[in-house]
Amino acid sequence: KGRADSTDIKGNDPSNKIYSMSNLGNSDAKTKKSPSSDEGSSDNNVVRWGIVGLGDVTSVKSGPPFWKCNGSTLVAVMRRTPGAAQKWVGSNLPSNLRSSVTAYDDIHNFLEHPDLDAVYVATPPESHLDISQRVAKAGKFCYVEKPAGRCGWETQEIIDSFHNEQQGKKEGKNMLYTAYVSRAYERTDTIQTLLKEGAIGDKVTSVQYRLKGMGGARGMDDDNDAVPWRLDARKSGGGLIMDVGCHVIDRIDYLFGPLKDVKGGAKRRCGSRLKLKVAEVEDYVSLSATIGSCEWSVIDSAGASVDCIWDFGYEDEDPTSPMDELIISGPNGSLKMAAMSPSLPIYVLDTNEAVIKTLTFEQPEHTAQRLVQLVTNEISGAKENTAPSRGENALRTSKVLDTVLAGYYDGRDDAFWERPDTWPGRH
């Protein structure tokens, strides 16, 4: 199944033709396994990974790829709570691997592990900057969870720490990767294929996105009044837009080009949900922009309009809720899909909005595995420039988020999480 808040697109004709991904020439698209061995690194050049932060995201989504990907192995894990890392090893690793993974509760000792090559930073964003700087100083490769920093300046400092510390080291290799996993989804590859084949015409004219719901964010359903870290600006940098919305912004960047002339705003509406009531961050965000020029889009997208709304505090009685709908339009039709899913269908529509084709996908066992494989391939030297998510795209997304959230927080060029009394949007 897809993520909890992802729903089928309303109004689809169930009689339209359904295609599996094999119809687009992707012969391995229906597998849940890791990429074939020729896509990974050799046994003689295995990347030895460590994980810092062992929350729920590492149990299924992103943890197992580090010992399942070709050319990759897990050698160390770290969590500050005494005994927590060892408990994670016992609960999550196959029995034959547990003795080969060392558990730490101290970051200094963790980074001195003699076999460590690369580090996955899976903590809440509050500690991303500090840990990433330590990883850079230790000379290790770094794969940091999105959105990298809590704001643009933190993301920039993360990037700078690797440029400064790694100048001339590792034979000039890129040392920093970011976990915008949807860039590596099979489904994202399919969007690019459809665009190249002219499914909507020779250019993109508009991109629209609407979310009503929590976007599958974890920890939002508890009945207690504790504020989840995803709704604590000190820990996350803002509301759910930082954890959920950043994916869509980065996906638009990846498919079409950087956003320019960004405008937008945020407000706190609360609604009836307990978690949103006790939090002090925004729960409604709007964004408008145009697509700028780039060298990476497979279709002419420059000048296309972008219009996005995230309504995390919708009311249950709202007949349109929940909603997760991305529409990519061109002169000859459009593509319609849920954005917050690696597996829900893509619908190809004609200019009358009739569905003419449906493409289906299987839910991957571990949604981060394709990206982790590409990062591993690049670090090991098996393939060059294969990993599509780095510090630079994370920085572009951070700056877009800063622009639309600046009014709520009275600017984001400082440690705004330390001055909540000054936030105009809170009152």
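1. Observations concerning the overall build of the protein chain
Part 1: Counting secondary structure elements, the protein chain contains eleven helices and 15 strands.
Part 2: Here the protein chain, with 427 residues, has 56% of them falling under the buried criterion.
Part 3: Carbon and sulfur atoms make up 44% of the accessible area of the protein chain, which totals about 17,800 Å².

2. Some remarks on the environment of I346
Part 1: Along the polypeptide, I346 turns up in strand 14 (residues 346–349).
Part 2: Residue I346 is classed as buried on the basis of its relative accessible area of 0%.
Part 3: The spacing of I346 and T190 is 156 residues in sequence and 8.8 Å in space, taken between C-alpha atoms.
Part 4: Setting aside its immediate chain neighbours within four residues, I346 contacts R187, T190, I191, L194, K336, M337, K357, T358, L359 and F361.

3. Comments concerning the nonpolar core
Part 1: Residues Y143, L287 and W310 are the most contacted members of the largest nonpolar core, which totals 115 residues.
Part 2: Apart from the residues lying within four places of it in its own chain, the contact partners of W310 are Y209, L211, I241, G245, V248, I249, D283, Y284, V285 and L287.

4. Side note on the packing of aromatic side chains
Part 1: Counting across every chain of the model gives 13 aromatic pairs.
Part 2: Where W153 meets W417, the ring centres are 6.0 Å apart and the plane angle is 25°; that geometry is what we call stacked. With W153 in helix 5 (residues 152–165) and W417 in the segment after helix 11 (391–409), the pair connects residues that are 264 residues apart, well separated along the chain.
Part 3: The class of W153 is partly exposed, set by a relative accessible area of 29%.
Part 4: Clustering of aromatic rings is evident, with ring pairs tying together W153, Y408, Y409, F416, W417 and W423.

5. A look at the sheet that holds strand 5 (residues 118–121)
Part 1: With respect to topology, six strands assemble into an open sheet ordered 4-3-2-5-6-7, the strand pairing being parallel. What marks the edges here is a single partner per strand, and that holds for strand 4 (102–104) and strand 7 (176–178). Direction aside, neighbouring strands of the sheet carry axes that sit 25° apart on average.
Part 2: Pairing geometry for strand 6 (residues 141–144) and strand 7, over three bridges, is parallel. Across the sheet, C142 pairs through a bridge with L176, a residue of strand 7.
Part 3: Its contacts with the sheet place helix 4 (residues 128–137) against strand 2 (47–52), strand 5 and strand 6, and it is angled at close to 165° to strand 6.
Part 4: Contacts from helix 10 (residues 369–380) reach strand 2, strand 3 (72–78), strand 5, strand 6 and strand 7 within the one sheet, and its direction differs from that of strand 2 by about 130°.

6. As for the confidence of the model for the protein chain
Part 1: Model confidence for the protein chain is summarised by a mean pLDDT of 88, while 84% of its residues fall at 70 or above.
Part 2: This stretch, residues 1–18, has a pLDDT under 50; its non-local contacts, to residues over four places away or in other chains, come to 42 contacts.
Part 3: In this model, residues 20–42 is a region of pLDDT below 50 whose contacts with residues beyond four sequence positions or in other chains number 45 contacts.

7. Describing the side chain of S161
Part 1: The topology assignment puts S161 in helix 5.
Part 2: In this structure the side chain of S161 is engaged in a polar contact, spanning 2.6 Å, whose partner is the backbone oxygen of I158.
Part 3: Apart from the residues within four sequence positions on either side, S161 is in contact with S132, Q133 and A136.

8. Focus: the packing of helix 6 (residues 186–196) against helix 8 (residues 241–256)
Part 1: Contact geometry of helix 6 with helix 8 gives a least axis separation of 11 Å together with a crossing angle of 40°. The angle between the axes of helix 6 and helix 8 places the two elements in the oblique class. Helix 6 and helix 8 meet at a crossing whose hand is right-handed. Contacts between helix 6 and helix 8 involve R187, T188, I191, Q192 and L195 from the former and R251, Y254, L255 and F256 from the latter.
Part 2: Class assignment for the residues of the contact of helix 6 with helix 8 results in five nonpolar, two polar and two charged.

Definitions and cut-offs
- Residues numbered from 1 in each chain as written.
- Predicted model: local features only at pLDDT ≥ 70, side-chain atom pairs only at ≥ 80, totals over all residues.
- Heavy atoms only, no water.
- Helix = DSSP H or I, 4+ residues; strand = E, 2+ residues; numbered from the N terminus.
- Buried < 20%, exposed > 50% of the residue type's maximum accessible area, 1.4 Å probe, protein only.
- Areas by Shrake-Rupley, 256 points an atom, 1.4 Å probe, with all protein chains shown as cover.
- Contact = heavy atoms within 4.5 Å.
- Core = buried A, V, L, I, M, F, W, Y, C linked by side-chain atoms within 4.5 Å.
- Phe/Tyr/Trp six-rings, centres within 6.5 Å; stacked < 30°, edge-to-face > 60°.
- Pairing = 2+ DSSP bridges.
- Axes fitted to C-alpha atoms, helices over the stretch in contact; angles between N-to-C directions.
- pLDDT = per-residue confidence, 0-100.
- Polar contact = N/O pair within 3.5 Å; in protein donor to acceptor, adjacent residues only side chain to side chain.
- Parallel < 35°, antiparallel > 145°, perpendicular 65-115°, else oblique.
- Left-handed = near helix turned anticlockwise from the far one by under 90°.
- Nonpolar A, V, L, I, M, F, W, Y, C, P; charged D, E, K, R; others polar.

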